[in-house]
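# Fold and contact review
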Amino acid sequence: MFYCFHQELDCVTEKRDTLTSMQTVRVHLPARQTRYEIKIGSGLIGAAGEYIRASSGNGARRAALISNQTVFDLYGNATVRSLRAAKFDVAHWSMKDGEPHKSLRSLEQALAFLIDFRLERNDVVVALGGGVVGDLAGFAAATYLRGIAFVQVPTTLLAQIDASVGGKVGVNTSAGKNLVGAFHQPRSVLIDTDTLRTLPRRELTAGWCEAVKHGAVGDRKLFDRTVKLLGTHASGELCGEEMRDELASVIAAHCRFKASIVAGDERESTARADARSRKILNFGHTTAHALEAVTGYERFRHGEAVGYGMLVAGEISDSLGMFNADALELLRQAVRACGELPRADDISVHDLMTAMKADKKSINGNIKWVLLEAIGKARVVDGREISNPVLRNALRAGLQRLE
Ligand code: NAD
Ligand code: GLY
């Protein structure tokens, strides 16, 4: 078998004094001889040092913490305390907050920080923050001394279920998003679900959209479970220990799903277009990248744009006769349940189609669209199979306000 990933039965649930029902998802990438664990639970940051020590070994003396000021003010001191208690010599650096700072300039600053701190090959970089911090810190770790260990401590929902898992790290350039980067798997991932309590509502919505994406492309049960949790959330019942455990459990299920795809196609092979290829994780992204680009990266959080992008892809799938109207309505309800999205029906369809043609993800100039045959089953389709009128109508229908 090409990949091995520990399924449900291999995932252990432990109890600790200070943590409630922590879950562990084990990721195994045999092609790279790499294994790592994703720990998920409430209050985990307080024990971060202990876990980072366990995954880094006793040879690690220094931990270089990379965060941003927003997140460091909330969780920095607890993380530093815990690392020091685990006998790490700790220094921290805060990058500027926001997508524009996931840049080559910030990378240079991050590397200068690691050099100044005299980080050695046995030492570890710790990324504390959302996907921006994780991608930048991970890329710094991938390039410093030709690659040293890093640990992800993701603090947004999007980073917890998606960005921190799978080893894609990198930065944007003026020519586009994520154009420079590497595949560099973390040594471990520590997900403290309590950090979501301080996350702004829009960031939660963006994360839930990516969660709906996972279920839609690959796992009907995960889709239903996510939508159910969203329903509970909307009705205000998302509190108490039971809910906390269910949230951790759903996050674990998403990590498990993403890791299973990554384990089978770590580098998103251009030769693969099957329903388990890493490409399926780009569902909704062709439209999302166009929406973000034509609005100057200012109107949408990335996940929000993916919410609309999934609906456009659903409309195309319906037009091509591979997906039925009932399934499309389910997808629409799921996106609606994620939260309110900024309006998109005022954006020029012509401008969006032009932006799509410039998409950097094309292969030999052709966009590979991820479409749906059913909720839970994706199909990768060559863009040449989608006529301009079909695309135009799908954009008009998919970008309508969700009442
Ligand atoms: P982000 O990192 O910009 O975080 C969103 C905002 O929330 C920021 O202002 C941040 O300071 C704040 N924040 C973070 N945690 C907080 C908390 N607990 N409480 C309060 N505020 C908090 O955005 P994101 O959505 O986490 O990540 C988006 C990035 O992830 C993009 O750059 C995208 O390309 C990348 N991404 C990477 C992968 C991957 O596989 N590597 C996958 C998906 C997305
Ligand atoms: N978020 C898409 C991927 O990791 O491949």
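The model shown is predicted, which means the values in this text are computed figures rather than measured ones. (Residues numbered from 1 in each chain as written. Chains lettered and ligands numbered in written order. Predicted model: local features only at pLDDT ≥ 70, side-chain atom pairs only at ≥ 80, totals over all residues. Heavy atoms only, no water.)

### Re the overall build of the protein
What the protein contains, in helices and strands, is 13 helices and 12 strands. A globule of 403 residues ought to have a C-alpha radius of gyration of about 22 Å, and the protein, at 20 Å, matches this closely. Projecting the C-alpha coordinates of the protein onto the three principal axes gives extents of approximately 60 × 45 × 45 Å. Considering the protein as a whole, with its 403 residues, one finds that 58% of them fall into the buried category. Within the protein, contacts between residues at least 6 apart in sequence are counted, and of these 73% link residues at least 24 apart. Within the structure as shown, the protein displays about 17300 Å² of accessible surface, and the carbon and sulfur contribution to it stands at 49%. (Helix = DSSP H or I, 4+ residues; strand = E, 2+ residues; numbered from the N terminus. Rg over C-alpha atoms; globule rule 2.2 N^0.38 Å. Buried < 20%, exposed > 50% of the residue type's maximum accessible area, 1.4 Å probe, protein only. Contact = heavy atoms within 4.5 Å. Areas by Shrake-Rupley, 256 points an atom, 1.4 Å probe, with all protein chains shown as cover.)

### Let's talk about the site of ligand 1
Taken together, 27 residues surround ligand 1, and among them Glu 99, Gly 131, Thr 156, Lys 168 and Thr 198 come closest. Asn 68 places a polar side-chain atom, nitrogen or oxygen, 3.1 Å from an oxygen atom of ligand 1. Protein chains shield 91% of the accessible area of ligand 1, which is 870 Å² for the free molecule. If one sorts the elements of the shell around ligand 1 by residue count, helix H2 (residues 69–85) sits on top with 4 residues. Taken together, the residues of the shell around ligand 1 break down into 8 nonpolar, 9 polar and 10 charged. (Near = heavy atom within 4 Å. Polar contact = N/O pair within 3.5 Å; in protein donor to acceptor, adjacent residues only side chain to side chain. Nonpolar A, V, L, I, M, F, W, Y, C, P; charged D, E, K, R; others polar.)

### Structural notes on the pairing of strand E5 (residues 89–95)
A regular strand places its side chains so that they alternate between the two faces of the sheet. Taken together, the 7 bridges between strand E4 (residues 62–68) and E5 define a ladder with parallel strand orientation. Bridge pairing in E5 places Asn 68 opposite Met 95. Each parallel crossover has a hand, and for E4 linked through H2 to E5 it is right-handed. (Pairing = 2+ DSSP bridges. Right-handed = clockwise from strand over helix to strand, strands pointing away.)

### Thoughts on empty space enclosed by the protein
Tallied over the full model, the rule gives 1 cavity of 30 Å³ or more. In this structure, the largest cavity spans a volume of roughly 40 Å³. Listing elements by their share of the lining of the largest cavity, those giving two or more residues are helix H4 (131–143), strand E7 (149–154) and helix H5 (157–163). It is H4 that contributes the most residues to the lining of the largest cavity, 3 residues altogether. Residues belonging to the lining of the largest cavity are distributed by class as follows: 3 nonpolar, 6 polar and 1 charged. (1 Å grid on protein atoms, 1.4 Å probe; cavity = no way out; pocket = protein on both sides within 12 Å on 5 of 7 lines; lining within 4 Å. Points joined across faces, edges and corners; volume = space filled by probe spheres on them.)

### A look at helix H3 (residues 104–116)
In this model, H3 (13 residues) spans 18 Å end to end at C-alpha, consistent with the 18 Å of a helix rising 1.5 Å per residue. By the burial criterion, the buried members of H3 are Ser 106, Leu 107, Ala 110, Phe 113 and Leu 114. Seen from one end, H3 has its buried residues packed into an arc of 120°, which puts them on one side. Residues Arg 105, Glu 108, Ile 115 and Asp 116 are exposed on H3 and point more than 90 degrees away from its buried face. Of the residues one or two after H3, Arg 118 is the one with positive phi, at around 55°. (Expected span 1.5 Å × (residues − 1). Arc of directions from axis to C-beta.)

### Quick notes on the confidence of the model for the protein
Across the protein, the average pLDDT comes to 91, with 92% of residues at 70 or higher. Confidence drops under pLDDT 50 across residues 1–18; counting only partners more than four residues distant or on other chains, this segment forms 45 contacts. (pLDDT = per-residue confidence, 0-100.)

### Re the environment of Ala 60
Relative to the assigned elements, Ala 60 resides in the loop between helix H1 (48–56) and E4. With a relative accessible area of 2%, Ala 60 lands in the buried category. Along the sequence, Ala 60 and Asp 123 sit 63 residues apart, while their C-alpha atoms lie 4.4 Å from each other. Setting aside residues up to four positions removed in sequence, Ala 60 forms contacts with Arg 53, Phe 88, Asn 122 and Asp 123.

### Some thoughts on the environment of Val 153
If you trace the backbone, Val 153 turns up in strand E7. Separated by 53 residues in the primary sequence, Val 153 and Pro 100 place their C-alpha atoms 21 Å from one another. Ignoring sequence-local partners within four residues, the contact set of Val 153 consists of Ile 45, Val 126, Ala 127, Leu 128, Gly 129 and Leu 190.

### Here we look at the packing of helix H6 (residues 201–218) against helix H10 (residues 302–319)
Direction vectors running N to C along H6 and H10 enclose 40°, while the axes themselves pass 7 Å from each other. Taken together, the axes of H6 and H10 lie oblique to each other. The two elements H6 and H10 meet at a crossing, and its hand is left-handed. Mapping the contact onto sequence places Arg 202, Ala 206, Cys 209, Glu 210, Val 212 and Lys 213 in H6 and His 302, Gly 303, Glu 304, Val 306, Gly 307 and Met 310 in H10. Of the residues assigned to the contact of H6 with H10, the class counts are 5 nonpolar, 3 polar and 4 charged. (Axes fitted to C-alpha atoms, helices over the stretch in contact; angles between N-to-C directions. Parallel < 35°, antiparallel > 145°, perpendicular 65-115°, else oblique. Left-handed = near helix turned anticlockwise from the far one by under 90°.)

### A closer look at the side chain of Thr 34
The residue Thr 34 is located in strand E3 (residues 34–42) in this model. There is a polar contact of 3.1 Å between the side chain of Thr 34 and the backbone oxygen of Arg 32. When sequence neighbours within four positions are dropped, the list of residues in contact with Thr 34 reads Val 27, His 28, Leu 29 and Gln 185.

### Here we look at the packing of aromatic side chains
Inspection of every chain in the model, using the stated rule, returns 3 aromatic pairs. On the numbers, 6.3 Å between centres and 5° between planes, the contact of Phe 113 with Phe 117 is stacked. Relative accessible area serves as the criterion here: at 11%, Phe 113 is assigned to the buried category. Members of the aromatic cluster, each reached through a chain of ring pairs, are Trp 93, Phe 113 and Phe 117. Its end group placed over the ring of Phe 88, Arg 53 keeps NZ or CZ at 3.9 Å from the ring centre. The cationic tip of Arg 62 hangs over the ring face of Phe 117; the distance from NZ or CZ to the ring centre is 5.8 Å. (Phe/Tyr/Trp six-rings, centres within 6.5 Å; stacked < 30°, edge-to-face > 60°. Lys NZ or Arg CZ within 6 Å of the ring centre and 35° of its normal.)

### Observations concerning the site of ligand 2
Looking at ligand 2, the residues that line it are Asp 162, Lys 168, Lys 258, Arg 278 and Leu 281. Residue Asp 162 places a side-chain N or O atom 3.3 Å away from a nitrogen atom belonging to ligand 2. Taken together, the residues of the shell around ligand 2 break down into 1 nonpolar, no polar and 4 charged.

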